[in-house]
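Remarks on the overall topology
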Amino acid sequence: LIRRIAISISERFPPINALTPVYSTGLSFLNIWMLIHFFWKFPGWIKFLGVSEIAVVLAYSFATTLLESLALIIGLVMITALLPKAWLRDMFVARGTALVLLGLGYVMYFVFRFQSKTDYPADAVRLIPLVAAGIGGLAYSAGRISVVRHALESLADLFLVFLYIFFPLGIFGILIVVLRNLW
Amino acid sequence: MKQISRRDFINLALAYSGGMLLSGLKSRMRPIVANIEGVRPNIIILVLDAMTARNLSLYGYGRRTTPNFERFADRANVYHAHYSAGNFTSPGTASILTGTYPWTHRAINMSSSVTPSLSDRNIFTLLGNKYYRLAYSQNIWTNFIINSFADSLESYLMPGRFSAAEQVLGAAFVNDLNSAYRSYDDFLTANSDAPGSLLFGTLERLLFRRELTIAQSDSREYPNGLPRISNYPILFRLRDVFEGIRQTIEELPRPFFAYLHLWAPHSPYRPTTEFMDLFKDGWKPLKKPQHPLGSGIPQSSLNKRRLDYDKYIANVDAEFGRLIDAWDESHILDESYVIVTSDHGESFERGVDTHITPLLYETLVHIPLIISSPGQASRQDIFTPTSSVDLLPTLLHLSGVAVPSLCEGQLLPNLGGMENPQRSIFAVEAKTNSAFMPLTHATIMLRKGIYKMIYYTGRGERPDLFELYDLENDPEEMNDLYQSSPRTDSLKGELLSQLALVNSR
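The notes below deal with the structure included here. These figures come from a predicted structure and were not determined experimentally.

The rules behind these values
- Residues numbered from 1 in each chain as written.
- Chains lettered and ligands numbered in written order.
- Predicted model: local features only at pLDDT ≥ 70, side-chain atom pairs only at ≥ 80, totals over all residues.
- Heavy atoms only, no water.
- Helix = DSSP H or I, 4+ residues; strand = E, 2+ residues; numbered from the N terminus.
- Buried < 20%, exposed > 50% of the residue type's maximum accessible area, 1.4 Å probe, protein only.
- Contact = heavy atoms within 4.5 Å.
- Lys, Arg positive; Asp, Glu negative; His and termini not counted.
- Charge placed at Lys NZ, Arg CZ, Asp CG, Glu CD.
- Salt bridge = Lys/Arg side-chain N within 4 Å of Asp/Glu carboxyl O.
- Polar contact = N/O pair within 3.5 Å; in protein donor to acceptor, adjacent residues only side chain to side chain.
- 1 Å grid on protein atoms, 1.4 Å probe; cavity = no way out; pocket = protein on both sides within 12 Å on 5 of 7 lines; lining within 4 Å.
- Points joined across faces, edges and corners; volume = space filled by probe spheres on them.
- Nonpolar A, V, L, I, M, F, W, Y, C, P; charged D, E, K, R; others polar.
- Expected span 1.5 Å × (residues − 1).
- Arc of directions from axis to C-beta.
- Patch = residues over 30% accessible without salt bridge, like charges linked within 9 Å, V, L, I, M, F, W, Y side chains within 5 Å.
- Areas by Shrake-Rupley, 256 points an atom, 1.4 Å probe, with all protein chains shown as cover.
- Pairing = 2+ DSSP bridges.
- Buried area = accessible area lost by both parts, 1.4 Å probe.
- Core = buried A, V, L, I, M, F, W, Y, C linked by side-chain atoms within 4.5 Å.
- Axes fitted to C-alpha atoms, helices over the stretch in contact; angles between N-to-C directions.

**Observations regarding the overall build of chain A**
Regarding its fold elements, chain A presents seven helices and zero strands. Counting from the amino terminus, chain A carries its helices and strands in the arrangement α-α-α-α-α-α-α. Principal-axis analysis of the C-alpha atoms places the extent of chain A at approximately 60 × 40 × 30 Å. Per-residue burial for chain A yields a buried fraction of 40% across its 183 residues. Put simply, of all contacts in chain A between residues at least 6 apart along the chain, 78% involve residues at least 24 apart. With 14 positive and 8 negative side-chain charges, chain A shows a spacing of 5 Å between the two charge centroids.

**Describing the pattern of salt bridges**
All names here are of chain B. Tallying each qualifying case throughout the model produces 31 salt bridges over all chains. A salt bridge links arginine 71 to aspartate 325; the nearest nitrogen and oxygen atoms lie 2.9 Å apart. Here aspartate 325 lies in helix H10 (residues 299-329) and arginine 71 lies in helix H2 (residues 67-73), a separation of 254 residues in the sequence. The closest approach of N and O atoms between aspartate 334 and arginine 75, which form a salt bridge, is 4.0 Å. Residue aspartate 334 is located in helix H11 (residues 332-335), and its partner arginine 75 is located in the loop between H2 and strand S2 (77-79); the two are separated by 259 residues in the primary sequence. Per residue, the accessibility class of aspartate 334 equals that of arginine 75, and both read buried.

**Observations regarding the side chain of Thr65(B)**
Residue and element names in this part refer to chain B. Structurally, the position occupied by threonine 65 is in the loop between strand S1 (42-48) and H2. Overall, the relative accessible area of 0% leaves threonine 65 in the buried class. Within the structure, threonine 65 has its side chain in polar contact with the backbone oxygen of asparagine 55 (distance 2.8 Å).

**Looking at empty space enclosed by the protein**
All names here are of chain B. This model, assessed by the stated rule, comprises two cavities of 30 Å³ or more. Within this model, the largest cavity holds a volume of roughly 60 Å³. Along the walls of the largest cavity sit Thr384, Pro385, Thr386, Asp390, Gln410, Leu411, Leu412, Pro413, Met418, Glu419, Asn420 and Arg423, which together make up its complete lining. Tallied by class, the residues present in the lining of the largest cavity amount to five nonpolar, four polar and three charged.

**Observations concerning helix H14 (residues 488-503) of chain B**
Residue and element names in this part refer to chain B. Under the 1.5 Å per step criterion, the end-to-end length of H14 is 22 Å for 16 residues, consistent within 8% with the ideal 22 Å. Within H14, the full set of buried residues consists of Thr488, Leu491, Leu495, Gln498, Leu499 and Val502. The buried residues of H14 occupy one face: seen down the axis, they fall within an arc of 115°. As for H14, its buried residues are in contact with helix H4 (102-105), strand S15 (424-429), strand S16 (442-448), strand S17 (451-457) and strand S18 (465-470).

**Regarding a nonpolar patch on the surface**
All names here are of chain A. On the surface, a nonpolar cluster with roughly 600 Å² of combined accessible area is contributed by Leu67, Leu70, Ile74, Met78, Phe167, Ile171 and Leu175. Mapped onto the nonpolar patch, the elements with two or more residues apiece are helix H3 (51-82) and helix H7 (146-182). Ranked by the residues each element gives to the nonpolar patch, the list is headed by H3, at four residues. Among the structural elements, methionine 78 can be located in helix H3.

**Examining the pairing of S16(B)**
Residue and element names in this part refer to chain B. S16 sits mainly inside the fold: seven of its seven residues count as buried. Both faces of S16 are covered, namely the face carrying Ala442, Ile444, Leu446 and Lys448 and the face carrying Thr443, Met445 and Arg447. Pairing of S16 with S17 involves seven bridges; the strand directions are antiparallel. Across the sheet, leucine 446 pairs through a bridge with methionine 453, a residue of S17. Hairpin connection between S16 and S17: a loop of two residues separates the two successive antiparallel strands, and glycine 449 in this loop has a positive phi of roughly 60°.

**Describing the interface of chain B and chain A**
Across the boundary between the two partners, chain B contributes 42 residues, which contact 40 residues of chain A. When the two sides are added together, the surface that chain B and chain A hide from each other amounts to roughly 3,600 Å², 66% of it contributed by carbon and sulfur. If you look at where chain B meets chain A, you find two salt bridges. Between the two partners, chain B and chain A, sit 15 residue pairs in polar contact (both at pLDDT 80 or more). For the side of chain B that touches chain A, the secondary structure elements donating two or more residues are helix H7 (177-188) and helix H8 (198-215) of chain B. Sort the elements by how many residues they give to the side of chain B that touches chain A and H8(B) lands first, with 10 residues. Across the side of chain B that touches chain A, the residue classes tally to 18 nonpolar, 15 polar and nine charged.

**Here's the deal with the nonpolar core**
Among the nonpolar cores identified, the biggest contains 99 residues, and Phe124(B), Phe257(B), Leu260(B), Trp327(B) and Ile370(B) are the most heavily contacted of them. Looking at which element gives the most residues to this core, the answer is H10(B), with nine residues. Apart from the residues lying within four places of it in its own chain, the contact partners of Trp327(B) are Ile44(B), Ile245(B), Arg246(B), Ile249(B), Glu250(B), Leu260(B), Ile332(B), Leu333(B) and Val338(B). Leu35(A), Leu198(B), Leu293(B) and Val365(B) belong to the second-largest nonpolar core, a separate cluster that totals 79 residues.

**Looking at the sheet that holds strand S13 (residues 380-382) of chain B**
Residue and element names in this part refer to chain B. Spatially, the eight strands line up as an open sheet ordered S5-S4-S8-S1-S9-S12-S2-S13, and their pairing is mixed. Only two strands of the sheet have a single partner each, and these edge strands are strand S5 (155-157) and S13. The average angle at which neighbouring strand axes cross in this sheet is 10°, direction not considered. Bridging between S1 and strand S9 (residues 336-341) involves six bridges; their strand directions are parallel.

Right under this line is the structure:
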């Protein structure tokens, strides 16, 4: 019985070979966003921070982005497990990639509306359920249109290369942060 | 019942009056007795951020903003021409803590820290472990400086202490505060820019919004919202902060040295309801011309902002009054040097709002300095110019510690130093200049005697510019004497040689 339950649960999760490209897409997106903003701040920092101090900020940033990407993929896997297989698991690369890109795209829009911590874009917050449903619908449709599905799968494959860059950098960042905070 | 004889009555009366006399003497002589017994007086530095001397009635302002500061001044040394060494937090605070000018400590950029060579030459390290040393700053830019000296502190309170709502993530990394503040609070979950962390940064904003809503649920107390720290998610009630530091100080082991840096009256100016209706007096400040390096803000807007600032100062003053009364009652004032000052001023003139500006007019660098010595009972006024770099040598002198040669300040008059009207005092603004390079994009102020020279260099396409004012006859700096004064050449020569000297290091 336990074996059957385990098999049943594992069958609800996407296979690892489908998970990796979707994870790479999220990891790359989050790191590219972080690096754009990092280099936007960089000219101000080099006026008064040494190279090693800036490198430490980068280490914290890679570490945080790695954790952020893991949180994102865990969330997506949980949703996949909860939904019927045909909705998301069966074409996980295409639908997962679409969900990641559209979801993070909306968060970007949301952040631009949310100018500071004391502002609050109440209208954008109210629209979240509607937007989430829209994104879900688009992601589902993407899996059904073969041209779009192939495009998304190719894109996710392209992002795989960044996994070999950003993942080790994230691990290295975590090590730096831990070491600096031990003493 | 036993009858009291005439002899007994005389003995009792003598004993009673002798006791009264002795108890009176004891309270007045407590610090002296303490010194004889080898017990050092405590030292408290209270920095009120962005408090210009020009808007305090203690220094002759047209609105009665500071009745409680005036009351405190009745038992203190009041310095009437005290200057900060910079016009914003980083250079102003670093000069207080290191006794050096910005060209030496190099905290010249926004949120920068001091040069590593000063990590063991600052007020905390130099006073040593003879004192229990505590630091608390609500202003995180000050914390960037103090973090470099944290090894010399027995107690270091985080900026969100005594707050109504706060979400400063960097404070969780106590062994690596500067990098953590810089990474999280200035970048990954930045408050005023887009966060570098897309998901966590956004989530953090949503969570803070919830905390904010709860903290501000009662709008009657603060009609304009709770006071908050610009750029960082900290909201507070003035009374809680003053009450927090009162209690903290009273519980510290003696002798102690406490550096307390409060955000108020820095913008946003948010007084309580009680102070909202003050100063409906129609009083208007002298209208001054727009400065080419100013921000071009119309005078009518600046007058409104000034009114808000004045109300907020009155609010700070009231809380300060409560604090001083409590410390009087608990004998803290009898046992301590209490120093009240600011890190820089604030401006509502020449098109400049607040203090993010290359200008160094009096509103921006003339700050209060009030020092109450242990048990001091009368007021002393000192009119010769002094500087924030003087605090460190003076406190070291009072504590019996040798002043290091690197220190650029002098002993304050009445506290070990002599009045020197011809002394040269400087202030520097160089936030766009690299901290690692000579000062070529900067504004330098030289105050000497009654004169004040301001030098602007490296300001884009503009040629270098000098201004000269006679502060005795023109305290509002309206008449530029640069072209006409016989003192121009000597002051210009001194200022430029000083700049060349510091740039050649």
